[in-house]
Amino acid sequence: MKISFNLCIRDGYLIIVYERHDTMKAVKVCKNSVLQNRFSVFEHSDWIGKPFGSIIFSNSGGFLYLLALTPELWTLVLIHRTQILYIADISFVIMYLEVVPGCLVLESGTGSGSLTTSFARAVEPTGYVYTFDFHEQRAASAREDFEMTGIVTMGVRDILGELVDSVFLDLPQPWLAIPSA
Ligand SMILES: C[S@@+](CC[C@H](N)C(=O)[O-])C[C@H]1O[C@@H](n2cnc3c(N)ncnc32)[C@H](O)[C@@H]1O
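Quick notes on the rules
Residues numbered from 1 in each chain as written. Predicted model: local features only at pLDDT ≥ 70, side-chain atom pairs only at ≥ 80, totals over all residues. Heavy atoms only, no water. Helix = DSSP H or I, 4+ residues; strand = E, 2+ residues; numbered from the N terminus. Buried < 20%, exposed > 50% of the residue type's maximum accessible area, 1.4 Å probe, protein only. Contact = heavy atoms within 4.5 Å. Areas by Shrake-Rupley, 256 points an atom, 1.4 Å probe, with all protein chains shown as cover. Near = heavy atom within 4 Å. Polar contact = N/O pair within 3.5 Å; in protein donor to acceptor, adjacent residues only side chain to side chain. Nonpolar A, V, L, I, M, F, W, Y, C, P; charged D, E, K, R; others polar. Pairing = 2+ DSSP bridges. Right-handed = clockwise from strand over helix to strand, strands pointing away. Core = buried A, V, L, I, M, F, W, Y, C linked by side-chain atoms within 4.5 Å. Domains from an automatic or database assignment.

S.K.: Honestly, the overall build of the chain in this entry has me stumped. Any pointers?
M.R.: Counting its secondary structure elements, the chain contains four helices and nine strands. Each helix (α) and strand (β) of the chain, taken in turn from the N terminus, gives the series β-β-β-β-β-β-α-α-β-α-β-α-β. Here the C-alpha coordinates of the chain stretch approximately 60 × 30 × 30 Å along the principal axes. Taken across its 181 residues, the chain has 40% of its residues classed as buried. When contacts within the chain are restricted to residue pairs at least 6 apart in sequence, long-range pairs at least 24 apart make up 55% of them. Carbon and sulfur atoms make up 57% of the accessible area of the chain, which totals about 10800 Å².

S.K.: Just checking my understanding: could you explain the site of the ligand for this structure?
M.R.: Taken together, 19 residues form the shell around the ligand, and within it Leu85, Ser112, Asp133, Arg138 and Asp170 come nearest. Leu85 has a polar backbone atom sitting 3.1 Å from an oxygen atom of the ligand. Ser114 places a main-chain nitrogen or oxygen 3.2 Å from an oxygen atom of the ligand. Within the complex, 82% of the 610 Å² of free accessible area of the ligand lies under protein. A breakdown of the residues in the shell around the ligand according to their chemical character gives six nonpolar, ten polar and three charged.

S.K.: Would you take a moment to explain the pairing of strand β7 (residues 104–108) for this structure?
M.R.: Regular strands place side chains that alternate from one sheet face to the opposite one. Across the five residues that make up β7, a large majority, five, are buried. With burial as the criterion, each face of β7 is covered, one bearing Leu104, Leu106 and Ser108 and the other bearing Val105 and Glu107. Inspection of the sheet shows β7 paired to strand β8 (residues 128–132) by five bridges, in the parallel sense. Following the sheet pairing, Val105 is matched in β8 by Val129. Once the chain exits β7 it traverses helix α3 (residues 114–123) before rejoining the sheet at β8, and the crossover so formed is right-handed. With four bridges joining them, β7 and strand β9 (residues 166–169) adopt parallel strand pairing. Residue pairing for β9: Glu107 is matched across the bridge by Phe168.

S.K.: What should I look at first to understand the nonpolar core in this one?
M.R.: In summary, soluble globular proteins display a tendency toward joint burial of nonpolar side chains. Counting residues in each nonpolar core, the largest one holds 27 residues, and the members touching the most others are Val99, Val105, Leu115 and Phe119. At the level of elements, β1 (14–20), α1 (71–77), α2 (87–96), α3 and α4 (136–149) are the ones that each hand at least two residues to this core. The element that contributes the greatest number of residues to this core is α3, accounting for five residues. When residues of this core are assigned to domains, at least three fall in each of domain 1 (14–69) and domain 2 (72–177).

S.K.: Explanation requested: the environment of Thr149 in the structure shown.
M.R.: Along the chain, Thr149 turns up in helix α4. Thr149 gets classed as buried once you look at its relative accessible area, which sits at 10%. In the structure, Thr149 is positioned 103 residues away from Asp46 in sequence and 22 Å away in space, judged by C-alpha atoms. In this view, Thr149 contacts Leu14, Leu69 and Trp74; residues no more than four positions away in its chain are not counted. From its side chain, Thr149 meets the backbone oxygen of Phe146 in a polar contact 3.4 Å long.

So this is what it looks like as structure tokens:
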């Protein structure tokens, strides 16, 4: 997982543009692009070099906040391909599974990847999350999201002989998956 702790926004970063609590989205900063909302037009070039958390005003009085992408915010803006877990349940799951830095976690199904991103941050910097979904299109979309956000790094790894610390199953009839898990 690579959450950026760089304090300033750069060209090419994926950031969260926050208008109000129910209006925010992930935007890739591109120096030649603009963001248009119902209030105004904002030029991305004005954002570059600004610290995360900055408020940006337009000439016509509109404003927005530029926030760093975190698992919490990603959960609020991601595209729902399935039902997802939200932060209250995610916190509970991570506490109860005792997921800490260095843990190996196995998750199925990946779904929309909401929980996966928080698992990935919780096991940083030496842990690893294995996430599986039998729905090919969903798995492919989740992989694209993980690559785009950088919150989860997709890897290739031989897990034979590895013991995982935690298993989380968010799928129908999870008890049937326990022997194979
Ligand atoms: C409710 S979603 C998981 C949501 C996820 N926890 C999140 O926060 O985004 C359940 C997922 O389990 C997958 N699934 C269901 N049965 C499965 C199985 N037997 N093996 C692998 N994946 C399965 C579905 O394709 C679906 O994407």
